[in-house]
Amino acid sequence: MKRLLVLVLGFCVLTISAQKSTGSKDAKMDKFITDLMNKMTLEEKIGQLNLPSSGDITTGQAKSSNIAEKIKKGQVGGLFNIKGVEKIRDVQRIAVEETRLKIPLIFGMDVIHGYETVFPIPLGLAATWDMAAIEQSARIAAIEASADGISWTFSPMVDISRDARWGRFSEGSGEDPFLGGEIAKAMVYGYQGRGDQAYKLNSNIMACVKHYALYGAGEAGRDYNTVDMSRIRMFNEYMYPYQAAVEAGVGSVMASFNEVDGVPATANKWLMTDVLRNQWGFNGFVVTDYTGISEMVDHGIGDLQTVSARALKAGIDMDMVSEGLSTVGKSLLEGKVTQAEIDQACRRILEAKYKLGLFDNPYKYIDVNRAKKEIFTPEHRAVARKIASESYVLLKNANNTLPLKKQGTIAVVGPLANTRSNMPGTWSVAVDLEKPATVVEGVQAVAGNKAKVIYAKGSHLVSDAKLEEHVTMFGRTLNRDQETRSNEEMLREALDISKNADVIVAALGETSEFSGEASSRTDIGIPDVQKVLLQELLKTGKPVVLVLFSGRPMTLTWENENVPAILNVWFGGTEAAYAIGDVLFGDVNPSGKLPATYPQNVGQIPLFYNHKNTGRPLAEGNWFEKFRSNYLDVSNDPLYPFGYGLSYTTFSYSDVKLSTASINSTGELSASVTVTNNGRVDGAEVVQLYIRDIVGSVTRPVKELKGFEKIFLKAGESKTVNFKITPELLKFYNYDLQYVFEPGDFDVMIGGNSRDVKSARFTLN
């Protein structure tokens, strides 16, 4: 009976919270929008729902463009893919000076991990486990983007993924919903501001959480592919980061490309209305992804008019590029949509513009002086360098190969050693690709005059020229076509210069476009010719440091067995090269921790730490046992577990201490450990809290991340870290999708990664 009571209370809390969040309205805004809509024609209302791409508009050409004519007719609600404050002013002027109702446009851009000052790719930002740093990165991105006329960003991307074959793994925060939710909130706060202070500054822009929902779970790791899973799994493992963004006040949501329950997300009323609005209380607007409406024709659920009507009725408010919602006027006449549905979508777009302050000042984000002073500043670059160094994950460091000494001769070798354009990473659309330093330049700058840095390319990126073309798009070329030497000649050159080196830094891995949208891979290892280069460098007998560029977890089993030191640097942004130097030479002690599990080989995928047991689990420490859940040819273990990352020092953990052995449904307890820096250098450690619900009404994961704290310890220093555990932290969605906690025993696990933990047990009565 007690358990039933807890279930009902848990559900009521969820429902009341949702009602409360939708109950408050801005009366002044409501009156303003109502008065404006009373003046609008049906065509003008439908026009607000259209978000075309700006195309090739340049300053001075807006008047004669096709887009300009549509704006004058009231057929455009906003634009995206337009960069530059002068261009945006030119277009906004048409909207507010040459249209009947003078409704301003909203201008959006993919400001994913920085504007012109670029921070690490989102997967790299997640590896910092530093919410203050992540929020600061979004704050700087908003300052720069808003200074250049942008008022809306299509970020954060919070899709949970457990399949490293998927290219867009690089754009998210990894495999864990708790970490992903914390990052979602930090990003929203950074872009928009917090609570009542949202949009108060002219440097606050509107965030757009994406891709709602489940986009990271596409079958076979192939982009845009089908997603099919139970609703209990959706809510327990995938949905929380979207909900966390809503709770943080995100202004807009982007629908995902994939289908959910057999219905494309863009036409899925259960997702867009029942869950997002009615259950979570979201009161902003929903935009499709690029051509998301017209693509539903290929999904096979109707022609353009039909799928557009379905999208509107599902809860879509704005149509990116397809202009399918232009057909809803016809659908209205045919009784397929209602006037109320059109009005609701229009109202949500106008409310967003009101919240941004565009009706008070359509040129709020258009200030030439700001654009000159606040973009790619030395201050912003210094922060980007610091955050980049914090994102790098030291995967191996045998015999203290790192840090390097600032002396002697250092050979920097590899196809990624001397490239500028690949340093920022994928989805860095506003960056000047000529500004980032190369690894060679970064190493030399940090090493100073006491060390000599020499360089050789060593190999092509891949042996297949066509594949290299596909993964060096958007100006990220490695100039293969201009390369007159064979792989053998480049290898000989690299080996020749390495003879004179004291240490070899091998800059290898993926290019920036090897991951990202439409960049799925079936082989997630270091490419063929680069691996040959690495093998030959190791044969020289010189110490080799692998500086690994990646946008996803990679298969590094051979590298882990043979390379002395491996530093995963993701794609660290415009200041990445200097940050690499900072970490290689020990000016910064690496503190990054993996936000995703690394498999031994691609056959283990999907592989994630918070899995469930089967009825025949393999005993811990075993490789193979007949009639147990395991493989014949490889252990179930990951190569590197979730939360893993080394340091130039070592940390020890005391046993876990609980303030009490049991709590009731209104109580709380404290779980604490004492962490000690046992080494000779100062360092930062991410202390991670995991909890296991031992017995549930439905099966529960072997452990779940429920808290973390990043601490800094001087050499020899100790610190006690306390985590508060309440019944709220123990909730999950049960079989009936009620959000509940259940009485019973729970294991508390605290450590430096998901594998190496100390444990204690308590009871919830």
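Residues numbered from 1 in each chain as written. Predicted model: local features only at pLDDT ≥ 70, side-chain atom pairs only at ≥ 80, totals over all residues. Heavy atoms only, no water.

- In the nomenclature of an unreviewed UniProt entry, the chain is known as Periplasmic beta-glucosidase of Dysgonomonas hofstadii.
- Comment text from UniProt for the chain, heading Subcellular location (unreviewed entry), reads "Periplasm". (UniProt positions renumbered as here; feature names shortened; annotations may be inferred.)

**What to know about the overall build of the chain**
Move 1: Secondary structure assignment for the chain yields 23 helices and 27 strands.
Move 2: For the chain, whose C-alpha radius of gyration is 27 Å, the value lies close to the compact-globule estimate of 27 Å for 765 residues.
Move 3: For the chain, the C-alpha atoms occupy an extent of roughly 80 × 75 × 45 Å along the three principal directions.
Move 4: A total of 765 residues make up the chain; the buried ones form 61% of that total.
Move 5: By sequence separation, contacts in the chain at least 24 residues apart represent 79% of the contacts at least 6 residues apart.
Move 6: Accessible surface, the chain: about 29,100 Å² in total, of which carbon and sulfur atoms supply 49%.
Move 7: Put simply, the chain has 84 plus and 90 minus side-chain charges, and the middle of one group is 3 Å from the middle of the other. (Helix = DSSP H or I, 4+ residues; strand = E, 2+ residues; numbered from the N terminus. Rg over C-alpha atoms; globule rule 2.2 N^0.38 Å. Buried < 20%, exposed > 50% of the residue type's maximum accessible area, 1.4 Å probe, protein only. Contact = heavy atoms within 4.5 Å. Areas by Shrake-Rupley, 256 points an atom, 1.4 Å probe, with all protein chains shown as cover. Lys, Arg positive; Asp, Glu negative; His and termini not counted. Charge placed at Lys NZ, Arg CZ, Asp CG, Glu CD.)

**Describing the UniProt feature "domain: Fibronectin type III-like" (unreviewed entry) in the chain**
Move 1: If you check UniProt for "domain: Fibronectin type III-like" (unreviewed entry), the listed places come out as residues 685-754 in our numbering.
Move 2: Helix and strand shares over residues 685-754 are 0% and 56% respectively, and the end C-alpha atoms of the span are 14 Å apart.

**Notes on a nonpolar patch on the surface**
Move 1: On the surface, W623, F624 and L632 cluster together to form a nonpolar patch covering roughly 370 Å² of accessible area.
Move 2: Note that W623 resides in the loop between α23 (576-584) and β17 (651-653). (Patch = residues over 30% accessible without salt bridge, like charges linked within 9 Å, V, L, I, M, F, W, Y side chains within 5 Å. Salt bridge = Lys/Arg side-chain N within 4 Å of Asp/Glu carboxyl O.)

**Quick look at the environment of V532**
Move 1: Positionally, V532 belongs in helix α21 (residues 528-539).
Move 2: Judged by its relative accessible area of 38%, V532 is partly exposed.
Move 3: The spatial distance from the C-alpha of V532 to the C-alpha of L491 is 8.9 Å, given a sequence separation of 41 residues.

**With respect to unusual backbone geometry**
Among all residues save glycine, negative phi is the norm, and among peptide bonds the norm is trans.
Move 1: The amide bond that connects K210 to the next residue, H211, takes the cis arrangement and shows omega of -10°.
Move 2: Along the chain, H211 falls in strand β5 (residues 208-212).
Move 3: Residues L402 and P403 are joined by a peptide bond in cis, for which omega reads 0°.
Move 4: Structurally, the position occupied by P403 is in the loop between β11 (393-397) and β12 (408-413).
Move 5: With phi around 70°, Y199 is a residue other than glycine that occupies positive phi space.
Move 6: Residue placement: Y199 occurs in the loop between α8 (177-192) and β5.
Move 7: One non-glycine residue, F376, lies in the positive phi region at around 55°.
Move 8: Mapping F376 onto the fold places it in the loop between α16 (368-373) and α17 (378-391).
Move 9: Residue F376 is classed as buried on the basis of its relative accessible area of 14%.

**Description of the sheet that holds strand β3 (residues 106-109)**
Move 1: Here we have three strands laid out as an open sheet, ordered β2-β3-β4, and parallel in their pairing. Two strands close off the open sheet at either side, each with one partner strand: β2 (78-80) and β4 (152-153).
Move 2: Bridge analysis of β3 against β4 gives two bridges, and the strand direction is parallel. Of the residues in β4, the one forming a bridge with G108 is W152. (Pairing = 2+ DSSP bridges.)

**Remarks on the nonpolar core**
Move 1: Formed by 133 residues in total, the largest nonpolar core has its most connected members in W152, Y212 and M239.
Move 2: The residues that make up this core include at least three from each of domain 1 (374-585) and domain 2 (649-764).
Move 3: Residues V440, V462, A565 and L594 belong to the second largest nonpolar core, which totals 79 residues. (Core = buried A, V, L, I, M, F, W, Y, C linked by side-chain atoms within 4.5 Å. Domains from an automatic or database assignment.)

**As for the packing of helix α18 (residues 439-447) against α23**
The relative placement of two packed helices comes down to the angle between their axes together with the axis-to-axis distance.
Move 1: Between α18 and α23, the shortest axis-to-axis distance is 7 Å and the interhelical angle comes to 50°. Classified by the angle between their axes, α18 and α23 sit oblique to one another. As for how α18 packs across α23, the hand of that crossing is right-handed. Contacts from V439, G442, V443, A445 and V446 of α18 reach α23 at A577, Y578, I580, G581, D582 and L584.
Move 2: Class assignment for the residues of the contact of α18 with α23 results in eight nonpolar, two polar and one charged. (Axes fitted to C-alpha atoms, helices over the stretch in contact; angles between N-to-C directions. Parallel < 35°, antiparallel > 145°, perpendicular 65-115°, else oblique. Left-handed = near helix turned anticlockwise from the far one by under 90°. Nonpolar A, V, L, I, M, F, W, Y, C, P; charged D, E, K, R; others polar.)

**Comments concerning the domain arrangement of the chain**
Move 1: What the domain assignment lists for the chain is domain 1 (374-585) and domain 2 (649-764).
Move 2: Relative placement of domain 1 and domain 2: their C-alpha centres are 36 Å apart.

**Examining the sheet that holds strand β14 (residues 503-509)**
Move 1: If you trace the six strands from one edge of the open sheet to the other, you get β11-β16-β15-β14-β12-β13, paired in mixed fashion. Looking at strand neighbours, the two that pair on one side only are β11 and β13 (451-456), the edges of this open sheet. Strand-to-strand twist across the sheet, computed as the mean angle between neighbouring axes with direction ignored, equals 20°.
Move 2: Relative to strand β15 (residues 544-549), β14 runs parallel, the two being bridged by six bridges. Within β15, the residue paired with L508 across the bridge is L548.

**Thoughts on the packing of α17 against α23**
Move 1: The N-to-C vectors of α17 and α23 enclose an angle of 50°; their axes lie 8 Å apart at closest approach. On the basis of the axis angle, α17 is oblique to α23. Between α17 and α23 lies a crossing of right-handed hand. Of the residues in α23, those in contact with R381, R385, A388 and S389 of α17 are Y578, A579, D582 and V583.

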